[in-house]
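A closer look at the structure
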Amino acid sequence: MKDISIYSNSKLPRQLPSFSLLGPKASDEAGTKSRSEPALRNALLFTSMFEEIIIYDEMTKQLKHVSIAVIKELILCLKWRKIDWRKLFLAGAVMSIAGIVLPTVLLAYRPNIRFDRSHINKLSYQWLNGSIQHVPSAPFDSLSSSIKAKESPAVLHRRPRRRQNTDMLKVVPPPPRKPVSARLQRYLRSLSPHEALVYAKREVEHAPLVDNNGSYLYAPVFRNVSVFQRSYELMEMILKVYNYRDGKKPIFHQPHLNGIYASEGWFMRFMESNREFVTKDPEKAHLFYLPYSSRQLELALYKKNSHNLRPLVIFLRDYVSMLASKYPFWNRTRGSDHFLVACHDWGPFATTGHVELRDNTIKALCNADLNENFVVGRDVSLPETTIRTVRKPLRYIGGGIRVSQRPILAFFAGKMHGRVRPRLLKYWRNKDEDMKIYGSLPGRIARNMSYIRHMKSSKYCICPMGYEVNSPRIVEAIYYECVPVIIADNFVLPLSEVLEWSAFSVTVAEADIPKLKEILLAIPLKRYLKMLMNAKMVQRHFLWNPSPMRYDMFHMILHSIWYSRLNQIQIPQS
């Protein structure tokens, strides 16, 4: 057998005598022979371990070949026969479990040893007085053995580090819900839905002042943080929503999750999968959800370039009429406790075919235009958000650079929609170095600095209306930590029943576009820094988290709908 020399990382002489697995020479002294026995045992242990690994690899290859052969035979046998998928699935599960369990039972070392080249350094030997002495440096780690040891720093250092995902926002988790006393829970359960709403409205009107120091809710971005917090807590304690199951896909129950109309899709997705607020008993419901998608309605019924929206209006009218005739819930309140969520520009117009749907129902709309039957206090302005990657909705959010390093005063790039954008380009396109105002972002510029990077490098992001008053750039500016400048007359800002938009945005009248730079430069630096800080703090309330969190976008929209329902409740004088 060849000589095997195992060295440690410690300092050793350059020339060391070889060590044979057969033991020391016959001429060595008996004491030297006894000292080499531990090293001999450990060497034999490594030899046994290598043999186990070879056997395991051979068994793995054989199992693989057998599995492939069995699958081929199954395909040939079942090719012209009716397949019992349950039995086939059961057989596959049994084979998978056998492939995992058999090697674990038959082999002792492989399941519990993480073997790599670093195990060569697990034993160290030093030559002392002409003999070999065993010095343990870092025994191998086996969960089944009695030897417990930590890996050496060298092994830990050589491990490949996980690639950190720097383009994903780190979301600060909200605090948990406050516990509710058993007595209050019993009292709330004893109330009818209408009585519970009356109780909630009284509580909100007499909301106690809260100490906002260190709170998750940042008071400067709210109109009244005490009222909002009390209303939100009552929503968590009381609110139950009934989702209608009627309606066929794709218009109903099939959310559209990407693009500029993603808000309605993400809300539908979370509302229909929710267990906290959803009830299966409509008699216990405080609100009723109409789970339709205005984007899917357009894709399914609108004929391109026809300019005929009548089929959309008729379809939604017939759907509501069907619900009113099939169930008693609509007729009890004439639809005032029903709500829908629509982000398409045609959302308001699609409701005009049914009088009660148009005048009574709570509508959460991106197109929150006062000139298109949007009623403040009843309807909700829905934030329009652009989701580029469904699997990573928080990608690229955050990361705005320092104010002192932002070279751009104001930035806009987009298509020429509506009446405001052409006017904006007329006055500011290529007119001022500090004002980067474009149509579609030119390719030569986008290659050097992307659209998102432009927003992160600008002090202000211009958010003019398009065909309608809403714009996804408002929420994009908040995402990319840029103060939004909103140019849209008659636009009700998103979630404005609770948020104080003047704390983190600038509103400019359409008539003041020629004075845009003058207006922005007139804002003191101290106020701008406060607005920028507030924009960063309000960002958490506009996030579509992969799983909903308290106070995020899903819960903020639901709260605004709940708050709107409370506004409709009349408190008896007694």
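Structure: above.
Residues numbered from 1 in each chain as written. Predicted model: local features only at pLDDT ≥ 70, side-chain atom pairs only at ≥ 80, totals over all residues. Heavy atoms only, no water.

1. Thoughts on the nonpolar core
In terms of nonpolar packing, the biggest core is built from 141 residues, with Phe267, Tyr460, Leu499, Phe542, Trp544 and Ile561 touching the most fellow members. Ranked by the residues each element gives to this core, the list is headed by helix 19 (residues 553-568), at nine residues. When near neighbours in sequence (up to four residues on either side) are disregarded, Leu499 contacts Val221, Phe222, Arg223, Pro494, Phe504, Val538, Phe542 and Met556. (Core = buried A, V, L, I, M, F, W, Y, C linked by side-chain atoms within 4.5 Å. Buried < 20%, exposed > 50% of the residue type's maximum accessible area, 1.4 Å probe, protein only. Helix = DSSP H or I, 4+ residues; strand = E, 2+ residues; numbered from the N terminus. Contact = heavy atoms within 4.5 Å.)

2. Digging into the state of the cysteines
Summed over the entire model, instances satisfying the criterion amount to two disulfides. The disulfide partner of Cys343 is Cys366, and the S-S distance across this bridge is 2.0 Å. Taking the sign of the S-S torsion, about -90° here, the bridge from Cys343 to Cys366 comes out left-handed. Of the two residues, Cys343 is situated in the loop between strand 5 (338-342) and helix 11 (347-350) and Cys366 in the loop between strand 6 (362-365) and strand 7 (380-381); the sequence distance between them amounts to 23 residues. Judged by its relative accessible area of 0%, Cys343 falls in the buried class. Judged by relative accessible area, Cys366 falls into the buried class, the value being 0%. The partner cysteine of Cys461 in its disulfide is Cys482, sulfur to sulfur 2.2 Å. An S-S torsion of about 115° defines the bridge between Cys461 and Cys482 as right-handed. Of the two residues, Cys461 is situated in strand 10 (residues 458-464) and Cys482 in the loop between helix 16 (473-479) and strand 11 (483-487); the sequence distance between them amounts to 21 residues. Cys461 sits in the buried class, given a relative accessible area of 1%. (Disulfide = S-S within 2.5 Å.)

3. Topic: the sheet that holds strand 4 (residues 287-289)
Across the sheet, which stays open at both edges, the five strands sit in the order 3-4-5-6-7 with parallel pairing between neighbours. Since the sheet does not close on itself, it has two edges, and those belong to strand 3 (241-243) and strand 7, each with one partner. Here three bridges tie strand 3 to strand 4, and the two strands are oriented parallel to one another. Note that in strand 4 the partner of Val241 across the bridge is Leu287. Sheet strands touched by helix 7 (residues 262-273): strand 3, strand 4 and strand 5. Its angle to strand 5, the strand with the most contacts, is close to 135°. The sheet strands contacting helix 19 are strand 4, strand 5, strand 6 and strand 7, and the helix crosses strand 6 at an angle near 150°. (Pairing = 2+ DSSP bridges. Axes fitted to C-alpha atoms, helices over the stretch in contact; angles between N-to-C directions.)

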